[in-house]
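What follows is the residue order along each chain.
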Amino acid sequence: GQPIVIDNRAGANGIIGADIVAKSAPDGHTPLLYVTSSFALNPLRYKKLPYDALKDFTPVSRVASAVGFTIAVNPVSSMKSLTDLITAAKRDDVKISYGTPGVGSSMHLGMESLKSHTAPE
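In this text the structure is predicted, and so the values were computed from the model without any measurement. (Residues numbered from 1 in each chain as written. Predicted model: local features only at pLDDT ≥ 70, side-chain atom pairs only at ≥ 80, totals over all residues. Heavy atoms only, no water.)

Further remarks concern the overall build of the protein chain. Secondary structure assignment for the protein chain yields four helices and zero strands. Tracing the protein chain from N to C terminus, the helices and strands come up as α-α-α-α. Relative to the compact-globule value of 14 Å for 121 residues, the protein chain shows a C-alpha radius of gyration of 18 Å, a clear excess of over 25%. Along the first, second and third principal axes, the C-alpha set of the protein chain runs to 55 × 40 × 25 Å. Here the protein chain holds 121 residues, and the buried ones make up 21% of them. By sequence separation, contacts in the protein chain at least 24 residues apart represent 54% of the contacts at least 6 residues apart. (Helix = DSSP H or I, 4+ residues; strand = E, 2+ residues; numbered from the N terminus. Rg over C-alpha atoms; globule rule 2.2 N^0.38 Å. Buried < 20%, exposed > 50% of the residue type's maximum accessible area, 1.4 Å probe, protein only. Contact = heavy atoms within 4.5 Å.)

Turning our attention to helix α2 (residues 36–45). Among all positions of α2, only S38, F39 and N42 are buried. Considered in projection along α2, the buried side chains sweep an arc of 95 degrees and stay on one side of the axis. Among the exposed residues of α2, those pointing more than 90 degrees away from its buried face are T36 and L44. Against the buried residues of α2 lie α1 (15–22). (Arc of directions from axis to C-beta.)

Counting residues in hydrophobic clusters, the biggest one holds eight residues: I15, A18, V21, F39, L49, Y51, A53 and F57. Sort the elements by how many residues they give to this core and α1 lands first, with three residues. Non-local contacts of V21, meaning those with residues more than four positions away in its chain, are made with T30, P31, L32 and F57. (Core = buried A, V, L, I, M, F, W, Y, C linked by side-chain atoms within 4.5 Å.)

All quantities given are derived from atomic positions and should not be read as evidence of function.
So, in structure tokens, the structure goes:
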């Protein structure tokens, strides 16, 4: 019977939303759903965070133990597979861009790894 309000605070690899939760009243009414890698990577990536990832939060539940990544393209694109995407990215006349939750996120690092392993010779 308790109403729930979802307040998505995107940006900065989860730092914006985590900061709001860290500064909220400690009454349990402002939970944070986050990707574990953000809490592991952000302290390594940023010299100063507005919260302490270890001291300002108490884990209460794991929602998922494994999360897969998906690469998607516009459905009208000529790319229908990862091989098609990599082949297109290697062409001089094609520019590929991608979006992630933030610099240093596991998705960002995954795409950079893909780029480095598939770069033209």
